[in-house]
Amino acid sequence: MSCQSIDAKFQLPQRYQGQIQSFWDEYIQLTLKYKPMNLGLGFTDGPVPQYITDALAAAAKSPNSIVNQYTRGSGHPRLIQALSTLYSQLVDRKIDPINEMLITIGAYEALYATIQGHVDEGDEVIIIEPFFECYEPMVKICGGVPRFIPLRLNNTTTSSNSEINSSDYVLDDGELEGLFNEKTKMIILNTPNNPLGKVFSRIELTKIAELCQKYNVLCVSDEVYEWMIFDDNKHIRICTLPGMWERTITIGSAGKTFSVTGWKTGWAYGPANLIINLKMVHQNCVYNCPTPIQEAIAIIFEGEIKRLDSPACYFNVLAAELKKKRDFMAEFLNENGMKPIIPQGGFFMTANWSALENKADLSTELDTQQDFRFTKWMIKNVGVLAMPPSAFFSDTNKSMMEHFVRYCFFKTDENLQTAANILKEWTGKVMTIRQNCLPAPPNDSI
Ligand code: PMP
Ligand code: GLN
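Okay, so let's go over this structure. These figures come from a predicted structure and were not determined experimentally.

**A few points about the sheet that holds strand β15 (residues 404-408)**
Spatially, β6-β12-β13-β15 is the arrangement adopted by the 4 strands of the open sheet, whose pairing is mixed. Strands at the two margins of the open sheet, each flanked by one partner only, are β6 (164-165) and β15. Two strands pair when backbone bridges link them, and strand β12 (residues 339-342) and strand β13 (residues 348-352) are joined in this way by 3 bridges, in the antiparallel orientation. Residue I341 lies in a different strand from β13, and its bridge partner there is T350. Helix α12 (residues 314-335) contacts β12, β13 and β15 of the sheet and is inclined by roughly 155° relative to β12.

Shown next, in the form of structure tokens:
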């Protein structure tokens, strides 16, 4: 009989030691308790078009009862077919739906399968900061070593009075090349970036592509916000650059694409010899994803593929709608003393709150990072929820955006207006209500 105590025997396995509990959980708990206006998490609080939800109902009620049973493990045939049709057009090469694609539980599982399926003990992984925060723990769980490089504000393109755009945040080419060496296995790219909204330009992607080829490195391109692109910016898939298909895994999300984050369905596509490694992780973890949800997403994609160039295509509707919301948020943040970084894509806006510091009593919160203190104080005392951007940085660089918050602007016009009013009341400033952001009529779709 063992005399080891239960506590000693059932500790977290070594590979997970050092991980901290998710800050998302803490903020969701605070949201449930204080019920602030939720500009925190990345999802819409409005209705999604009925044809999207109808597709799920139709799938579940399909006379073909097989739709409610297990489907092919690495992707429901109808969905991989639809995705292959779409992405073959977009990347200008025929994607084999069977061998070059995997369906996952959200982009999150696609990231997990990609990292688990490629990173070994001691492998180095380059992560561009700010980054979607799961990248770092996922790499560490595999024994990988994250090597961070921050996007820095390029002072030559900005002046103190001008508006700052996410394109003003750039990588230093020398610093980037300095991170590549024979141990480098992977670089993780996120364009459009969460939380900055930066859309990497062709020149920037070409630099990354050259280094990946020079040092024989795999590029993981997290493109979950691929359809949310504003102004003259263009979403460029790095796998389309010369020599990059062979070494890129591209990740997408139906939750983000169709504004149904609760459906938690994502995918990865890339060359068969890389995708097979993801399949190995997936088959030993999730095995297969819910069939009716995959069927519904396939139905919706089939419809959108037929009208890709039409303004009625959801991808175009979404980008146009989000641009208006982005502009309204930028306006009310500016009017209330926060300096936003105007995002080129995605649905998040980071904003500097330094000018408001004297209006908040941050001594009441105990966190080390100022943005954690500020956002928690705001939840409890003002009633608006933002996420703290320092969570999207490595320990070394957390101070870089400690005086910023991240707001999600994919909220109803009514709720954005309410948030604007709450901030106005708090800062004591007067602002005008814009006509185009009055409450939406009840039946208005997104
Ligand atoms: N990557 C990024 C950059 C994200 O912001 C998110 C959050 N949606 C994910 C991946 C995960 O996406 P999903 O909800 O499809 O798992
Ligand atoms: N990606 C979303 C966000 O950044 C949701 C977070 C998550 O998936 N944990 O808000």
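**Points about the site of ligand 2**
Around ligand 2 lies a shell formed by W24, L41, G42, F132, N194, Y225, K256, F348 and R406. Contact distances for ligand 2 include 2.9 Å between an oxygen atom and a backbone N or O atom of G42. Computed on the free molecule, ligand 2 has an accessible area of 290 Å², of which 81% lies beneath the protein chains in the complex.

**Quick word on the site of ligand 1**
What surrounds ligand 1 is a group of 13 residues, the closest being D222, Y225, S253, K256 and K264. Contact distances for ligand 1 include 2.7 Å between an oxygen atom and a side-chain N or O atom of S253. Alone, ligand 1 offers 390 Å² of accessible surface; in the complex the protein occludes 93% of this. In terms of residue count, helix α5 (residues 106-116) provides more of the shell around ligand 1 than any other element does, 4 residues in total. Taken together, the residues that form the shell around ligand 1 break down as 6 nonpolar, 4 polar and 3 charged.

The rules behind each value
- Residues numbered from 1 in each chain as written.
- Chains lettered and ligands numbered in written order.
- Predicted model: local features only at pLDDT ≥ 70, side-chain atom pairs only at ≥ 80, totals over all residues.
- Heavy atoms only, no water.
- Pairing = 2+ DSSP bridges.
- Helix = DSSP H or I, 4+ residues; strand = E, 2+ residues; numbered from the N terminus.
- Contact = heavy atoms within 4.5 Å.
- Axes fitted to C-alpha atoms, helices over the stretch in contact; angles between N-to-C directions.
- Near = heavy atom within 4 Å.
- Polar contact = N/O pair within 3.5 Å; in protein donor to acceptor, adjacent residues only side chain to side chain.
- Areas by Shrake-Rupley, 256 points an atom, 1.4 Å probe, with all protein chains shown as cover.
- Nonpolar A, V, L, I, M, F, W, Y, C, P; charged D, E, K, R; others polar.

Geometric descriptors of this kind do not, in isolation, establish any biological role.
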